[in-house]
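Coordinate inspection notes
The chain contents come next:
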2 protein chains.
Amino acid sequence: MKKYLFLYLLLSSVCAFADDGSRLWLKYDLLADVQQRDTYLKSTQFVAANSSHPTIKVAVQELEMGLKGLLGKAPVLVQTATKSGGIILNVAPNSPSTLPQDGFELFSEKGNIVISSKSEAGVLYGAFELLRYLQTGKSLTNLSVKSSPKIKLRMLNHWDNANGTVERGYAGSSMWKWTELPFRIDPRYITYARANASLGINATSINNVNASSRFLTEEYLEKIKAVADVLRPYGIKVFISVNFRSPRTLGGLKTSDPLDPEVRKWWNEKTKEIHRYIPDFGGYLVKANSEGEPGPQDYGRTHADGANMLAEAMRPFSGIVIWRAFVYNADPKGDRFKEGYAQFKPLDGIFDPKVIVQVKNGPIDFMPREPFHPMFGAFPKTTLGMEFQITQEYLGQSTHLTYLAPMFKECLDTDTYVKGKGTTVAKIVDGSAENHPLSLMAGVANTGSDANWCGHPFNQSNWYAFGRLAWDYTLSSEQIATEWTRMTLTQKPQSVQKITDIMLNSHPIYVSYTYPLGTSHMMGEGHHYGPEPWLTKAARPDWTSIYYHRADSIGLGFDRTGKVSNALQLYSPEVQQLWGNAEKCPLDYLLWFHHVPWTQKLSTGRSLWDELCHRYYDGVGQVGKLQSAWESVKSDVDKETFEDVKGRLKIQEKEALWWRDACVLYFGEFSKLPIPKPLVPPTRTLDDVKKLTEIYHLR
Amino acid sequence: MKKYLFLYLLLSSVCAFADDGSRLWLKYDLLADVQQRDTYLKSTQFVAANSSHPTIKVAVQELEMGLKGLLGKAPVLVQTATKSGGIILNVAPNSPSTLPQDGFELFSEKGNIVISSKSEAGVLYGAFELLRYLQTGKSLTNLSVKSSPKIKLRMLNHWDNANGTVERGYAGSSMWKWTELPFRIDPRYITYARANASLGINATSINNVNASSRFLTEEYLEKIKAVADVLRPYGIKVFISVNFRSPRTLGGLKTSDPLDPEVRKWWNEKTKEIHRYIPDFGGYLVKANSEGEPGPQDYGRTHADGANMLAEAMRPFSGIVIWRAFVYNADPKGDRFKEGYAQFKPLDGIFDPKVIVQVKNGPIDFMPREPFHPMFGAFPKTTLGMEFQITQEYLGQSTHLTYLAPMFKECLDTDTYVKGKGTTVAKIVDGSAENHPLSLMAGVANTGSDANWCGHPFNQSNWYAFGRLAWDYTLSSEQIATEWTRMTLTQKPQSVQKITDIMLNSHPIYVSYTYPLGTSHMMGEGHHYGPEPWLTKAARPDWTSIYYHRADSIGLGFDRTGKVSNALQLYSPEVQQLWGNAEKCPLDYLLWFHHVPWTQKLSTGRSLWDELCHRYYDGVGQVGKLQSAWESVKSDVDKETFEDVKGRLKIQEKEALWWRDACVLYFGEFSKLPIPKPLVPPTRTLDDVKKLTEIYHLR
């Protein structure tokens, strides 16, 4: 009993603070329900594996750690299963199973749990699936699970800079400690690998797409190799974002023209060199001729010329080239909406088979709600990858609770109609609609050096949701939210339900007090923090706010049906029909395509102005409901986490008010209409709100 | 027994990794020695306090947490001591004791341990001292300790920016989460406060001296108030670094001229406003007319005009104004060494009594070894505060093990002779030499958002050492190293000794392979990482390397005895004598004051060139010894910490070689002399080493 006490005290002193979030959703805390533990223990007494591959080793390790933590007893490790009541890991490369390489089966057989896959990675994914069963309280009897990824390349894109900062990072600095590498391996790299493997994420690009050439130097390849060696057993391939000017900056060549033989030679040799460090190198990720980055157009060449040159360098190897379609020119008369489509359309069919063109979910830039990018469905001869943003650049950064699964799914589930009804964006991305062998879903990571990885505790759920959807986009937002909540916050059914509801409501609420009715791009200049709908001048016209909302004395919104821009015509006729008629267009997309008079009556029965005001006010009110809902789970979640989220919800409320007042006061100057009763007009003036925004522009 | 097991597993699962360093030196792990625990338990059965002041509350809390952790049993909290065997906290404002406010007595009386002070803070410091006794295994019998701070203001300066980055920070991003404040209080703020209070640090300036005006806005004052409220019970006052142009940027005034009535009015009102948020506001820290920062000279006024204006605004309050003396003009013909002295000397006696002029330890900029700043001792009518740099901008950043106490002490113990022998820099700084009521020792913080706060695990010891020396600069570097090691790494006597030796040797070793013989300022441009002695052009001449080392065909070093600069004359005659003669000048300072011929024979019997090479080579060799010494303590320190330090020592070895090769190859081009036998010449060329440096200049 004395020892018991000491251990208890040891525990409380070692863990000065309850839960710092560093373990993400892989918590493996002892299950409270003793009976449940005993049930699970009966079928997890041993682990047998038919392979000693490093990936199987980490699968066994994970099961050991997980079961030891969750059930209080580690399984015995045996060569082969001689009795029942255990777990069998079975790598079956020649299995007749119809499952693809990474797929796995999880089934009960002769009183044992079998995890079987053609690949070691598949078995690892199955092991995590089994642990998830325990973490979420599912039964282990008569298991008969078949699971396989719908997307081949499930990838994180880190916008991490060489100097340790993270572009659009809201959780401290970069998780990659470049000055410490290659000799010091931060244990966090392993946690990172485990977290990704638990979701089936199998690729990561480790540096910002606004890329430094230094990542291609020997000095850095040694460092990247050290990272790749840590991630490899977890089935994760490393990609490098490259600076297109590298042949000049590093190679000392006079040009980086992709058609120049010396330049091609340089890339061929650099690619060979990389493979000496990383034999299973994933490939290159390229942002070219975009926002000032160098690219083939600097030499009068096309994106295809650039991408295909790198593909040629990659030909002897398994790696690929991912080329971003996020390009736009600063044209005050143009429509940024059309840029990517316009520049790439002529290149459809010209890209090397090793090239994937990575397209953002929407045509502008990760706005809280965007119509799907018109390139999806319009490039039958090109493999298009999906680029989502997990880090919440425009979605509350680290101070707003915003669960993104519904937003990801809204895009994936939208019908492009290009091959008839049911040709959803997802079907384009998974390659099935156009029979592409490759497929890619990338998420711009929200990881940082903060103890809890993602800043806002709920931001972790967006990393989780992205990974789960990249594996299987048919999972529901609710299922993913419930899983994550049970694994991360609490097992108490009532609170799980309440937290799931909070998460499912959060994105609509955020949109309501920031960008209702299809408005977009009205955030603070540069840092993108807070509202700045009045932003009229910027380094480029398409970096202002007025370029997007087009507010005037008549109304609000960007007419893309032909009067200002014909962007709507980039979509299939069915989609044009859906969004093209201001009377029928779903209100969530209305102002993306139409300039609507302030007094125009909407399907809600309210005028545009009244509806706009009501949505802003309702959004703020809903934040109050999130707060009381969170208050109601207090007793069931970790104290520190509870206080953390509670504090951030207060900030969210303050910032929601900031957005509401900024937008209704600013747009009110155009509509010349009063805040509709019973809504109470803001007590502060537009100048007050502008001053608040100006603070964040001070150095 | 089953429960015992579960708790063990709970422990191991909750604390995924052994020790992440987040608890700093306040670990309070259960003492291994059962007998020792029982002995301590006998005299720590209860805690009684004669005050319920918030500071006493946290003192009691700390004793509870500490004793519970270290001994496995929390003390009982009682109103008054009715028996022996406990701890009595006694606030005695009217005590006849000769100790100053913050001083404390710790003594045994009637079988109890009494902690007594005139102030609550003093009692808190005593409580930490008592815990340190337990952490370092000291006896609690017949206690009779009197301790009081030699410096009144013991302060950290954070160079943390509003955007979350840290200037010269090597441990992640800023620990201050401005976007989360004021509503979310990061538990780390409390750990930070405890760590500082455990050392007697009683002030902190929370933002970069390259200051953003935004810290003076209402929005930010609310945030700073929230921080001040957390730090207050721990006896820590908050200071704000201010941007001198704020009356224009925030107040909308046409000028920031310190003699303009409107400007003075603005500062008076701003200062009143700050006190509405923070009644015990510490004051302002100002970097003016330095490295491009605005200041009074922009309006033809003096530093005194600027400082005294702020002092006037502070007059109704207890706060003060700290004005930095780190100023220098870009004059290729001049000597930066003399700049601060020259600009401030005419102002001695003109500064308001509320002004402290904060002077860096040396005349240049935190070089690994500098002669003490000539201002110390030369400003009898001005209160000079000491500014040390804890963050290792030029001392290995996060990849070199460099314990700084010996460097701090080398400066403090140096004799200025200005009031006769024994007038050390310390006596100037503590105010005793010139009877100044105020005194200040500031350290530029090395804290960041990384879990272990400081990057390199041993960097924590520099925060610790700074605090201990600010309290009592007579403590030996060895005592501080031993204390810190016992509290942080291990109690095993042999390993404590070995680690103490590692620490004591580390600074000389670092100097040896970077800046031997009094060289300085040869680091990579801008980022200050790695060597760049060949740096010839920069934004300013005094940001190059050649400005400092003055290498030519004849020799090496900056002649400050009159030929190039007469800077040596800024010191007292005795100091001039000590350093003025190239034959007798201590080799550690030689090239600071003399241009020495390559072939000149030194006191070591070697020529300058040979000695230079030997020191560079010896430094690298010594890193190998640090590695084997660290290897020898493996069994006695936490596994994760061991691997962390081991990995960083490997990087240190690589970077030491980088420095050695860069410097001997570069200087060899001037000396035209071979690497002296038996030293083996570098296998790489100067170009190889230059290329390595260039990598870190790539975006």
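All values derive from a computational prediction rather than experimental measurement.

1. Digging into the overall build of chain A
When you go through chain A residue by residue, the secondary structure sums to 21 helices and 16 strands. Since a compact globule built from 699 residues should have a radius of gyration of about 27 Å, the 26 Å found for chain A is in line with a globular shape. For chain A, the spread of C-alpha atoms along the principal axes amounts to about 80 × 65 × 50 Å. Looking at chain A residue by residue over its 699 residues, the buried ones come to 65%.

2. Some thoughts on the pattern of salt bridges
Enumeration according to the criterion identifies 86 salt bridges over all chains in this entry. Bridged by salt links that share partners, the residues Arg-369, Glu-410, Asp-588, Arg-606, Glu-611 and Arg-615 of chain A form one connected network.

3. A word on the packing of aromatic side chains
Residue and element names in this part refer to chain A. For the structure shown, the criterion picks out 92 aromatic pairs over all chains. Ring geometry for Phe-337 and Phe-593: centres 5.9 Å apart, planes at 65 degrees, overall edge-to-face. One end of the pair, Phe-337, is in the loop between strand 11 (320-324) and helix 10 (339-344); the other, Phe-593, is in helix 18 (residues 590-593), with 256 residues separating them in the sequence. Overall, Phe-337 belongs to the buried group, its relative accessible area being 0%. A relative accessible area of 0% places Phe-593 in the buried class.

4. So, the packing of helix 20 (residues 639-671) of chain B against helix 21 (residues 686-695) of chain B
Residues and elements named next belong to chain B. Look at helix 20 against helix 21: their axes get within 9 Å of each other, and the N-to-C directions meet at 130 degrees. Classified by the angle their axes make, helix 20 and helix 21 are oblique. The hand of the helix 20/helix 21 crossing is left-handed. Residue-level inspection shows Trp-658, Asp-661, Ala-662, Leu-665, Tyr-666 and Glu-669 of helix 20 in contact with helix 21, the latter providing Leu-686, Val-689, Leu-692 and Thr-693. Residues of the contact of helix 20 with helix 21, tallied by class, amount to seven nonpolar, one polar and two charged.

5. Describing the sheet that holds strand 14 (residues 440-444) of chain B
Residues and elements named next belong to chain B. The sheet built from eight strands closes into a barrel, its strands ordered 7-8-9-10-11-12-13-14 with parallel pairing. Adjacent strand axes in the sheet meet at a mean angle of 25 degrees when their direction is disregarded. Bridge analysis of strand 8 (residues 203-205) against strand 9 (residues 237-242) gives three bridges, and the strand direction is parallel. When the sheet's bridge partners are listed, Thr-204 is paired in strand 9 with Val-238.

6. A closer look at the UniProt feature "domain: Glycosyl hydrolase family 67 catalytic" (unreviewed entry) in chain A
In this structure's numbering, the residues bearing the UniProt feature "domain: Glycosyl hydrolase family 67 catalytic" (unreviewed entry) are residues 134-453 of chain A. Secondary structure across residues 134-453 of chain A divides into 25% helix and 14% strand, with the first and last C-alpha atoms of the span separated by 24 Å.

7. Some remarks on a negative patch on the surface
Residues and elements named next belong to chain A. A contiguous patch of negative charge on the surface is contributed by Glu-669, Asp-687, Asp-688 and Glu-694. Structurally, the position occupied by Asp-688 is in helix 21 (residues 686-695). A relative accessible area of 39% places Asp-688 in the partly exposed class.

8. Side note on the domain arrangement of chain A
Residues and elements named next belong to chain A. Per the domain assignment, the segments making up chain A are domain 1 (31-147), domain 2 (153-477) and domain 3 (512-558 + 595-698). Between the C-alpha centres of domain 2 and domain 3 there is a distance of 31 Å. Listed as interface residues are 25 residues of domain 2 and, on the opposing side, 27 residues of domain 3. A per-residue breakdown of the area domain 2 buries against domain 3 is headed by Arg-336, Thr-399 and His-400, which together make up 23% of the total.

9. Examining the sheet that holds strand 2 (residues 76-78) of chain A
All names here are of chain A. Read from one edge of the open sheet, six strands run 2-1-3-5-4-6, paired in mixed fashion. Of all the strands in the sheet, the pair left with one neighbour each is strand 2 and strand 6 (144-147). Direction aside, neighbouring strands of the sheet carry axes that sit 20 degrees apart on average. Across four bridges, strand 4 (residues 104-109) lies against strand 6 in antiparallel orientation. Residue pairing for strand 6: Phe-104 is matched across the bridge by Ser-147. Here helix 4 (residues 120-135) sits on the sheet in contact with strand 3 (87-91), strand 4, strand 5 (112-117) and strand 6, set at roughly 140 degrees to strand 5.

10. Focus: helix 2 (residues 34-42) of chain A
Residues and elements named next belong to chain A. Along helix 2, the residues that are buried comprise Arg-37, Tyr-40 and Leu-41. Each buried residue of helix 2 lies within a common arc of 105 degrees when the element is viewed along its axis, so the set occupies one face. Along helix 2, exposed side chains directed more than 90 degrees from the buried face belong to Gln-35 and Lys-42. Between the side-chain oxygen of the N-cap and the backbone nitrogen of Gln-35 there are 2.9 Å, and the N-cap of helix 2 in question is Asp-33.

11. A word on the environment of Ile-480 of chain B
All names here are of chain B. Tracing the sequence through the fold places Ile-480 in helix 14 (residues 477-488). Separated by 11 residues in sequence, Ile-480 and Leu-469 place their C-alpha atoms 8.7 Å apart. Ile-480 has contacts with Tyr-403, Tyr-464, Ala-465, Arg-468, Leu-469 and Leu-475, leaving out every residue within four places of it along the chain.

12. Topic: the pairing of strand 5 of chain A
Residues and elements named next belong to chain A. For strand 5, the buried fraction is high: six of the six residues fall into the buried class. Every second residue of strand 5 is oriented toward a common face, with Asn-112, Val-114 and Ser-116 on one face and Ile-113, Ile-115 and Ser-117 on the other, all of them buried. Counted along the chain from strand 4 to the antiparallel partner strand 5, the turn is two residues long, and its residue Lys-110 has a positive phi close to 50 degrees.

13. Some thoughts on unusual backbone geometry
A cis amide bond links Leu-181 of chain A with the next residue in sequence, Pro-182 of chain A, at an omega value of 0 degrees. Mapped onto the secondary structure, Pro-182 of chain A falls in the loop between strand 7 (153-157) and helix 5 (187-197). In this model, Lys-677 of chain A is joined to Pro-678 of chain A through a cis peptide bond whose omega is 0 degrees. Assignment of secondary structure puts Pro-678 of chain A in the loop between helix 20 (639-671) and helix 21. With a phi angle near 45 degrees, Asn-289 of chain A is a residue other than glycine that sits in the positive phi range. Mapped onto the elements, Asn-289 of chain A comes out in the loop between strand 10 (283-286) and helix 9 (303-314). With relative accessibility at 13%, the residue Asn-289 of chain A sits in the buried group. Phi angles above zero are rare outside glycine, and His-528 of chain B is one such case at about 65 degrees. The exposure class assigned to His-528 of chain B is buried, which follows from its relative accessible area of 13%.

What counts, and where the lines are drawn
Residues numbered from 1 in each chain as written. Chains lettered and ligands numbered in written order. Predicted model: local features only at pLDDT ≥ 70, side-chain atom pairs only at ≥ 80, totals over all residues. Heavy atoms only, no water. Helix = DSSP H or I, 4+ residues; strand = E, 2+ residues; numbered from the N terminus. Rg over C-alpha atoms; globule rule 2.2 N^0.38 Å. Buried < 20%, exposed > 50% of the residue type's maximum accessible area, 1.4 Å probe, protein only. Salt bridge = Lys/Arg side-chain N within 4 Å of Asp/Glu carboxyl O. Phe/Tyr/Trp six-rings, centres within 6.5 Å; stacked < 30°, edge-to-face > 60°. Axes fitted to C-alpha atoms, helices over the stretch in contact; angles between N-to-C directions. Parallel < 35°, antiparallel > 145°, perpendicular 65-115°, else oblique. Left-handed = near helix turned anticlockwise from the far one by under 90°. Contact = heavy atoms within 4.5 Å. Nonpolar A, V, L, I, M, F, W, Y, C, P; charged D, E, K, R; others polar. Pairing = 2+ DSSP bridges. UniProt positions renumbered as here; feature names shortened; annotations may be inferred. Patch = residues over 30% accessible without salt bridge, like charges linked within 9 Å, V, L, I, M, F, W, Y side chains within 5 Å. Areas by Shrake-Rupley, 256 points an atom, 1.4 Å probe, with all protein chains shown as cover. Lys, Arg positive; Asp, Glu negative; His and termini not counted. Charge placed at Lys NZ, Arg CZ, Asp CG, Glu CD. Domains from an automatic or database assignment. Buried area = accessible area lost by both parts, 1.4 Å probe. Arc of directions from axis to C-beta. Polar contact = N/O pair within 3.5 Å; in protein donor to acceptor, adjacent residues only side chain to side chain.

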